[in-house]
Amino acid sequence: MCICGFLAVAISSICTLLAEETSPGGIVYGPKAGFNISVPEGWVVDNESGKGQDMPCVLYPKGSSWSDAKTVMYANIASPEFEGVNAFVATAIKEMKAKHGTPKEKIASGKTKDGHDYFINEYPATKNYSQWERVGYIQLPQGVAYIVLTSRDQANYRKDSGALEKVLKTLVYLEPKSEAASGKEYARRYRQLLDRHADDQLELLLTEWREKGPDDPDAWITSANYYFNQRQTNISTKKPGPDDITLTDKKGKLAGSISFEQTNENMKRAAVLLQEATTKFPDHLDIWCGLAFMYQESGDFDNELSTLKKMIAYTREHPTQLKWLKEEPLGKPADKFVPEKLHEYGLYYEKKENPEDDKRWYQIATLATEQYPNDPQGFNDAAGYWADIGEWQKAREMVEKAHQIDPKSVGALLNLGNISVEMKDFASARKYFEEAVKLDPNGEYGRDAKQALQKLKKK
């Protein structure tokens, strides 16, 4: 079946078949609108045969097929740039004029089952195009639906053309699916505006996305990331930092730097948006972690720690159905997943290597040991803190607990050996190093344990 040029202004949409025991038909979803239709008597609906031609919902008479039927119909949604039916029809006529000639406009009109206006244009065959077609156009909220009937010849067209209006009278408007429909379209428009640096339009788009996609977590995540990534340009006489631009005078001498810094206002806006998102989508641990990260980056440790505590409290009460990026499941139990995340937040402070941040590292490690006493990671981190400040007995107690939880952890054995050396308990150190070599004879920890044993021989 040769298909007319309406696809030039169509989009990829989704069709779901309605159950036979109710009323045979299909549901079509686009970015901004959706609808369902019922099939006229003697016809069938098919959501597979037209996929290769970007037609998710096709209809043809019983006893025939999409490829051999004398007359077929297909239903679709106009591209989201067309919210008005008149603009869509004008564009369609213009694009098809060379092949179809001038159509007979509004040969019939009426209302759908739920009261939306429709009208029908007829596109007779021409010297360049042998098929006879008519199209029903329906104005929907924020979108245009259309249903095409196309016949191989005039005889079949006259016989079957009445089926189109029967379908139009069954049409019922559906709200678009927030995630599969509007979310992808808003994300596409956001990327386009971002590429064009259209900052004046970006905020309006993000606000609209949140208003029209209240169940779409990406609307809040994208908005928060937008504000979080905003930077203010500062020109000063200070020496340039690692990410700054160096300024020199005419003689090439250092004159100052250009830096790009976050503003408190944008940081607060980003945090507020993610706070809202944790309330609306509490199952999304990526949102909790994103909020904690933003607080970390802005130097607000108290709110970072508070956010991590709230996340843990929620996962304790709702251990199933938790999600990570793009609605994906965690991939492992929450009591394994969350301690790993706490370890990552702790490492941020451990790497700063100053007393104040070491205390923050210890607070996160303590949170892990209190909430996840069956996971060794928190105890290992706490041991690292005590070791850094020379509290060897406390460090040893923490690593011993980690070793009890995971007796086969070679890293814990190596740590126990090193701590025992610091405490002058060489007999215990030798025992731990030897056990590490047995468990990991050819690995990195095993090699370190062998070197430690060689040093002990000299003592």
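From a predicted model like this one, the values you see are computed outputs, not experimental measurements. (Residues numbered from 1 in each chain as written. Predicted model: local features only at pLDDT ≥ 70, side-chain atom pairs only at ≥ 80, totals over all residues. Heavy atoms only, no water.)

## Here's the deal with the overall build of the protein chain
Thought 1: The number of helices and strands found in the protein chain is 16 helices and 14 strands.
Thought 2: With 459 residues in all, the protein chain has 48% of them scored as buried.
Thought 3: Here the analysis covers contacts within the protein chain between residues at least 6 apart in sequence; of these, 54% occur between residues at least 24 apart.
Thought 4: Only carbon and sulfur atoms are counted for the fraction: they give 48% of the accessible area of the protein chain, which is about 24000 Å². (Helix = DSSP H or I, 4+ residues; strand = E, 2+ residues; numbered from the N terminus. Buried < 20%, exposed > 50% of the residue type's maximum accessible area, 1.4 Å probe, protein only. Contact = heavy atoms within 4.5 Å. Areas by Shrake-Rupley, 256 points an atom, 1.4 Å probe, with all protein chains shown as cover.)

## Section: the packing of helix α9 (residues 301-317) against helix α11 (residues 355-371)
The geometry of a pair of packed helices is captured by two quantities: the angle between their axes and the separation between those axes.
Thought 1: Where α9 meets α11, the axes come as close as 11 Å, and the angle between the chain directions of the two elements is 10 degrees. Between α9 and α11, the crossing angle belongs to the class labelled roughly parallel. Residues Phe301, Glu304, Leu305, Leu308, Lys309, Ile312 and Arg316 of α9 form the contact with α11, whose participating residues are Arg360, Gln363, Ile364, Leu367 and Gln371.
Thought 2: Split by residue class, the contact of α9 with α11 holds 6 nonpolar, 2 polar and 4 charged. (Axes fitted to C-alpha atoms, helices over the stretch in contact; angles between N-to-C directions. Parallel < 35°, antiparallel > 145°, perpendicular 65-115°, else oblique. Nonpolar A, V, L, I, M, F, W, Y, C, P; charged D, E, K, R; others polar.)

## Notes on the sheet that holds strand β7 (residues 104-111)
Thought 1: Ordered in space as β4-β5-β6-β10-β9-β8-β7, the 7 strands form an open sheet in which the pairing is antiparallel. Two strands lie at the open edges of the sheet, namely β4 (43-46) and β7, each paired on one side alone. The sheet shows a mean angle of 20 degrees between the axes of neighbouring strands, direction not considered.
Thought 2: Sheet analysis places β4 next to strand β5 (residues 57-61), joined by 4 bridges and oriented antiparallel. Looking at β5, one finds that aspartate 46 is bridged to valine 58. (Pairing = 2+ DSSP bridges.)

## Examining the packing of aromatic side chains
Each aromatic ring pair is described using two quantities: the centre-to-centre distance and the angle formed by the ring planes.
Thought 1: Summed over all chains, the structure comprises 14 aromatic pairs.
Thought 2: Relative to tyrosine 146, the ring of phenylalanine 88 has its centre 5.2 Å away and its plane inclined at 35 degrees; by these criteria the two rings are tilted. Highlighted residues: phenylalanine 88 in helix α1 (residues 85-100) and tyrosine 146 in strand β10 (residues 143-151), separated in sequence by 58 residues.
Thought 3: Classification of phenylalanine 88 as buried rests on a relative accessible area of 0%.
Thought 4: By way of ring pairs, the aromatic residues Phe88, Phe119, Tyr137 and Tyr146 are connected into one cluster.
Thought 5: If you follow lysine 106 out to its NZ or CZ, it ends over the ring of phenylalanine 119, 4.9 Å from the centre.
Thought 6: Over the ring of tyrosine 372 we find arginine 316; its NZ or CZ atom is 4.5 Å from the centre of that ring. (Phe/Tyr/Trp six-rings, centres within 6.5 Å; stacked < 30°, edge-to-face > 60°. Lys NZ or Arg CZ within 6 Å of the ring centre and 35° of its normal.)

## Points about the packing of α9 against helix α10 (residues 334-350)
Thought 1: Direction vectors running N to C along α9 and α10 enclose 170 degrees, while the axes themselves pass 11 Å from each other. Taken together, the axis directions place α9 and α10 in an arrangement best described as roughly antiparallel. Here Phe301, Glu304, Leu308, Met311 and Ile312 of α9 lie close against α10, whose contacting residues are Val338, Leu342, Tyr345 and Tyr349.
Thought 2: Residues that form the contact of α9 with α10 fall into these classes: 8 nonpolar, no polar and 1 charged.

## Section: the pairing of strand β3 (residues 34-38)
Regular strands place their side chains on alternate faces of the sheet.
Thought 1: Counting buried residues in β3 gives 4 out of 5 residues, a clear majority hidden from the surface.
Thought 2: Note: strand β2 (residues 25-29) against β3, 5 bridges, orientation antiparallel. The residue of β3 that forms the bridge with valine 28 is phenylalanine 35.
Thought 3: Direction of pairing for β3 relative to strand β11 (residues 172-174): antiparallel, over a ladder of 3 bridges. The residue of β11 that forms the bridge with phenylalanine 35 is tyrosine 173.

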